[in-house]
Amino acid sequence: MRLRLKFFPEIQESFYALSLEEIKSNVKRIFKNAFLKESNELEIGLEELNRAEKFFSSLQKLLNSDKPLPVSLVPLEKKGLFRPGKIYLLPKAAQELRSKIKDWPYPAALIPWQKFYELEIPSTKDPTSEFPLKDLLLLGPLTPCPICGLRWHKPAKCPGIKGNFFEFVSSMLKKTPHGMLSYFQKTFTADSSKKTNNFWSKRFFYLRPGILQNIFSTNPETWEKLPRKTQPNRGGKLFLALEALYHGNLEESKRRFNGINNNELFARIGLIFVAVLEGDLAETLFNIEKAKALASSPFLKAYLSFWRGWLCEIENKQFDAEEHYKEALKRDRTFWPAKYHLARIYIKIAPNKAKNLVQTLTSVPEAIPLLLSEGLFIPFAQELEKEIEAYFEERQKEAVIKLTQAENALRPLTKTLPEEDKGAFQERISELREKIYNGGFSDLLFAEQKALELSLELQGYLFRKVKKFRKKYKELKRQYETYELYWQNYPYRQNANDFYQLLRSIQIELKTLNSFFEGDASKRLKQIRNKSQEIEKLLNSLEEKKQELEQRRKFLRQLNSFIKTFVILESLLFGFFVIIPFMEHFFHIERPPIFSMEAFLLFSFMIFFFSLFYALSQKN
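Analysis parameters
Residues numbered from 1 in each chain as written. Predicted model: local features only at pLDDT ≥ 70, side-chain atom pairs only at ≥ 80, totals over all residues. Heavy atoms only, no water. Helix = DSSP H or I, 4+ residues; strand = E, 2+ residues; numbered from the N terminus. Expected span 1.5 Å × (residues − 1). Buried < 20%, exposed > 50% of the residue type's maximum accessible area, 1.4 Å probe, protein only. Arc of directions from axis to C-beta. Contact = heavy atoms within 4.5 Å. Pairing = 2+ DSSP bridges. Salt bridge = Lys/Arg side-chain N within 4 Å of Asp/Glu carboxyl O. Polar contact = N/O pair within 3.5 Å; in protein donor to acceptor, adjacent residues only side chain to side chain. Phe/Tyr/Trp six-rings, centres within 6.5 Å; stacked < 30°, edge-to-face > 60°. Lys NZ or Arg CZ within 6 Å of the ring centre and 35° of its normal.

Overview of helix H3 (residues 52-63)
1) Next: In a regular helix each residue adds 1.5 Å, so twelve residues correspond to 16 Å; H3 covers 17 Å between its end C-alpha atoms and thus fits that length.
2) Next: Within the sequence span of H3, burial applies to Ala52, Glu53, Phe55, Phe56, Leu59 and Leu63. Seen end-on, H3 carries its buried residues on one side only, within an arc spanning 165°.
3) Next: The inward-facing, buried residues of H3 contact strand E1 (2-7), helix H2 (20-35) and strand E3 (71-75).
4) Next: A positive phi of about 50° marks Asn64, the residue just after H3.

With respect to the pairing of E1
1) Next: The alternating pattern of E1 places Leu3, Leu5 and Phe7 on a buried face and Arg2, Arg4 and Lys6 on a face that is not buried.
2) Next: The sheet contact formed by E1 and strand E2 (residues 43-45) spans three bridges and is antiparallel. If you follow Leu3 over to E2, its bridge partner there is Ile44.
3) Next: Two elements, E1 and E3, share five bridges in a ladder whose sense is antiparallel. If you follow Phe7 over to E3, its bridge partner there is Val71.

Concerning the pattern of salt bridges
1) Next: If you walk through the whole model with that rule in mind, you get 40 salt bridges.
2) Next: With its nearest N and O atoms 3.7 Å apart, the salt bridge here joins Glu167 to Lys202. A residue pair is termed long-range when its members are at least 10 positions apart, and Glu167 in helix H5 (residues 167-172) and Lys202 in the loop between helix H7 (193-200) and helix H8 (211-218) qualify at 35 residues.
3) Next: Linking Glu484 and Arg504 is a salt bridge whose minimum nitrogen-to-oxygen distance equals 2.6 Å. Residue Glu484 is found in helix H21 (residues 461-488), and its partner Arg504 is found in helix H22 (residues 497-516); the two are separated by 20 residues along the sequence.
4) Next: Since its relative accessible area comes to 19%, Arg504 is described here as buried.

Considering the side chain of Thr284
1) Next: Among the structural elements, Thr284 can be located in helix H12 (residues 281-294).
2) Next: Engagement of the side chain of Thr284 in a polar contact is seen with the backbone nitrogen of Val276, the distance being 3.5 Å.
3) Next: The residues touching Thr284, leaving out its near neighbours within four places in the chain, are Ile272, Ala275, Val276 and Leu311.

Some points on the environment of Glu509
1) Next: Looking at where Glu509 falls in the secondary structure, it is placed in helix H22.
2) Next: In contact with Glu509, other than residues within four places in its own chain, are Lys531, Glu534, Ile535 and Leu538.

Concerning the packing of aromatic side chains
1) Next: Summed over all chains, the structure comprises 51 aromatic pairs.
2) Next: With 5.5 Å between their ring centres and 50° between their planes, Phe131 and Phe184 make a pair best called tilted. A residue pair is termed long-range when its members are at least 10 positions apart, and Phe131 in the loop between strand E6 (116-120) and H5 and Phe184 in helix H6 (residues 177-189) qualify at 53 residues. Just as Phe131 is buried, Phe184 falls in that class too.
3) Next: Seen from their ring centres, Phe184 and Phe199 are 6.3 Å apart, and the 50° between their planes marks the pair as tilted. Here Phe199 lies in helix H7 and Phe184 lies in helix H6, a separation of 15 residues in the sequence. The same class applies to Phe184 as to Phe199, namely buried.
4) Next: A cation sits over an aromatic face here: Lys6 above Phe8, 5.2 Å from the ring centre.
5) Next: Lying over the aromatic face of Tyr16, Lys67 brings its terminal NZ or CZ to 5.7 Å of the ring centre.

So this is what it looks like as structure tokens:
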């Protein structure tokens, strides 16, 4: 098996000031010296591989760099996913070489890599990192996609066009730094190429079209004020144009954006994304400049300057990009993506500046998933990972301190707190402790904030509780006074002794409760709570008694109405029947046949039922 040199223009473009031709010339010279080649042949056999360490170490010294080397040794006429600065063998050749590398003067190992084996020697060994495969994010046959920065697909085919713009960061912040790095590594070793493409295409979330929905909905003043959760679609021409953009219908989206007259600024911003996906650089720059002239908020001015810088970065115009990124930061100091991309371009032109800028971003939580996965930061990746891990541990310590303060504030309250409240506080503390020790970044930041709030809440808990129970006492007293007034106006008190006795009991209990508020009421919180609950129960019982009295009063009033009506009508009937014989005697009037005893009884029954129905119809 023969091996050949494979050059990586993407690595040269990303890391080295030397041109590709200059690098090739130096590589060929070192290759001949290392492998003792007299001709221009740039191939070697397995028997010559023991000189590979000299080749790669000499190249590292020449380039004076801890950056990825822009060349690898790969099997002749074989294609595959190769990483820079490595040696790859076919399985048969690896098996043949396995026994020979034991005799080499330096350590060597054969590691499976897809359909090949990687021959690892000291100068090709990855720096210590949990995500050494981040260099793959820099490789690809195409120019960088303006939506995600990857070289794997054309802009119109980018999976990052659709979906919630913040999903990459929000999902990664649920993990610890170690968890993020492990997950990143798995995307290249376990997932399919399609899943890998989908995942990494959403990394530069601030370049995704999904951000427009939040910009159009809220028009934030600064980057900090831009909502990270997707805002609802408000409808109208602007959002219809945006919907067409999400679905890749660029002509329809362009037509709709051009048809918007009442919001030219947002229409122009939408047209920037349309032109980007169409690959029309001139149209993109035209719309950026038009939008910049219309923008008034610091954020939009910064965002448009950033886009201008990003397009320069893609074209490998680092100095132009630097100017636009600095302008973006000047417009909106909270817009950290401009600082992040400044660090990216400084890797090639000012490495120390790049490192210093990156260090200022390690305390920005939403920047951390990008920092840990950035292939351009390989030269100081190990140091960066340690700093981020240290920042996570520092925040963890801060959260623990705040939680301890909350626990200390709860401890003296346990003797006075009601069991229900004490249990609720202890449960909240347990939940926060779980998030602090076992959660990711988002859980940790949430727990830290909530622990501080809980500590403050507990510090003022007794005061607020006493105040709340004082208010409750006044409410209970008001209810008692209402029942007292009812009793004073109740007409049938002689037969309502139970109500009176209960009323007096509540009066006594209220006096006892009031005495608990004298002096330091916080020490008698349990007694106050229990007494308040007792009085509430007594008042509920009193309400039931009241309903019984109301029913009794209604009955007595109806009975009184019945008796009164019946007696009056019956007296009139009786008088009428009594006077008839006198009229017959003195005036010689013949008695009508209806004035008989049977008729009297019939009329009496009619009066009885009339009085009864009349009494029952009375509401009070």
